[in-house]
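Structural description and commentary
Given next are the chains, with one letter for each unit.
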Amino acid sequence: LREGFGSNVLGIGVACLMLTACGSEASGGGAGAGAAGSGIDPADASFEKTVQPLFNQACNCHQSSPILMAPFSLKPGEAYANLVGKPAMQLPSMSLVKAGALNSSYLWHKVNGTQAQVGGSGLIMPSTIPLNADELRIIERWIAAGAPP
């Protein structure tokens, strides 16, 4: 499913490791400081350059055509608007992505399998092949950087 994607993710993951650590939210703190206080250059964590390619490879149910097999689309041109600032269906009191606030982003809990710990439900996503550490780091850095487009 993601055979050709591994080298790209590894390269992105290595680049992510070379940058400064994430803000207080990524390390379990409060609301986080977003791009301005995270030490992460938003250009290095842009949705279009880093996160969308990951979704394209790993999130097939959210990209199926002609009939979507998931409750919302992660297709290019639709994913960002469907995630940032939108309430999670399984936990409406939490946004899918709260810019700059990793632990307040339901997406982060879903990809880590910690959704039940915050009052959510369902399976880890993607359920067939969970994301590896490098792939998780891409999402972590994007949210911590303020979820730049």
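So, how was this worked out
Residues numbered from 1 in each chain as written. Predicted model: local features only at pLDDT ≥ 70, side-chain atom pairs only at ≥ 80, totals over all residues. Heavy atoms only, no water. Helix = DSSP H or I, 4+ residues; strand = E, 2+ residues; numbered from the N terminus. Buried < 20%, exposed > 50% of the residue type's maximum accessible area, 1.4 Å probe, protein only. Contact = heavy atoms within 4.5 Å. Areas by Shrake-Rupley, 256 points an atom, 1.4 Å probe, with all protein chains shown as cover. Expected span 1.5 Å × (residues − 1). Polar contact = N/O pair within 3.5 Å; in protein donor to acceptor, adjacent residues only side chain to side chain. pLDDT = per-residue confidence, 0-100. Axes fitted to C-alpha atoms, helices over the stretch in contact; angles between N-to-C directions. Parallel < 35°, antiparallel > 145°, perpendicular 65-115°, else oblique. Left-handed = near helix turned anticlockwise from the far one by under 90°. Core = buried A, V, L, I, M, F, W, Y, C linked by side-chain atoms within 4.5 Å. Salt bridge = Lys/Arg side-chain N within 4 Å of Asp/Glu carboxyl O.

**Examining the overall build of the protein**
Counting secondary structure elements, the protein contains 6 helices and 0 strands. Going residue by residue from the N terminus, the α and β elements of the protein occur as α-α-α-α-α-α. Looking at the protein as a whole, 42% of its 149 residues qualify as buried. Relative to all contacts within the protein whose residues are 6 or more apart in sequence, the contacts with residues 24 or more apart total 54%. Accessible surface, the protein as shown: approximately 7100 Å² in total, 60% of it carbon and sulfur.

**Brief notes about helix α6 (residues 133–144)**
The end-to-end C-alpha separation of α6 is 16 Å, in line with the 16 Å expected for 12 residues at 1.5 Å each. In terms of residue burial, α6 counts as a mostly covered element, since 10 of its 12 residues are buried. Within α6, burial applies to Asp134, Glu135, Leu136, Ile138, Ile139, Glu140, Arg141, Trp142, Ile143 and Ala144. For α6, the N-terminal cap is asparagine 132; the gap from its side-chain oxygen to the backbone nitrogen of aspartate 134 is 3.0 Å. Just downstream of α6, glycine 146 is the residue with a positive phi angle, here 100°.

**Re the environment of glutamate 48**
With respect to the helices and strands, glutamate 48 occurs in helix α3 (residues 47–58). Excluding anything up to four places from it in sequence, glutamate 48 contacts Pro53 and Pro149.

**Description of the confidence of the model for the protein**
Here the protein shows a mean pLDDT of 79. Residues at 70 or above account for 71%. Note on residues 1–36: pLDDT is under 50 here. Beyond four places in sequence and across chains, it has 64 contacts.

**A word on the packing of α3 against α6**
Axis separation between α3 and α6 bottoms out at 10 Å; the angle between their running directions is 140°. Viewed along their axes, α3 and α6 adopt a mutual orientation that is oblique. Remark: the crossing between α3 and α6 carries left-handed chirality. Contact residues: Phe47, Thr50, Val51, Leu54 and Phe55 in α3; Glu135, Ile138, Ile139 and Trp142 in α6.

**Describing the environment of valine 84**
Relative to the elements of secondary structure, valine 84 occurs in the loop between α4 (79–83) and α5 (106–112). The spacing of valine 84 and glycine 146 is 62 residues in sequence and 9.9 Å in space, taken between C-alpha atoms. Excluding anything up to four places from it in sequence, valine 84 contacts Val97, Trp142 and Ala147.

**Side note on the nonpolar core**
Membership of the largest hydrophobic core comes to 26 residues, with the highest contact counts inside it found for Phe55, Leu83, Ile139 and Trp142. Elements that contribute at least two residues to this core include exactly α3, α4, α5 and α6.

**Details of the pattern of salt bridges**
Tallied over the full model, the rule gives 1 salt bridge. In this structure, aspartate 134 and arginine 137 form a salt bridge, with 2.7 Å as the shortest nitrogen-oxygen distance. Placement of the pair is aspartate 134 and arginine 137 together in helix α6, with a separation of 3 residues, close to one helical turn. A relative accessible area of 22% places arginine 137 in the partly exposed class.

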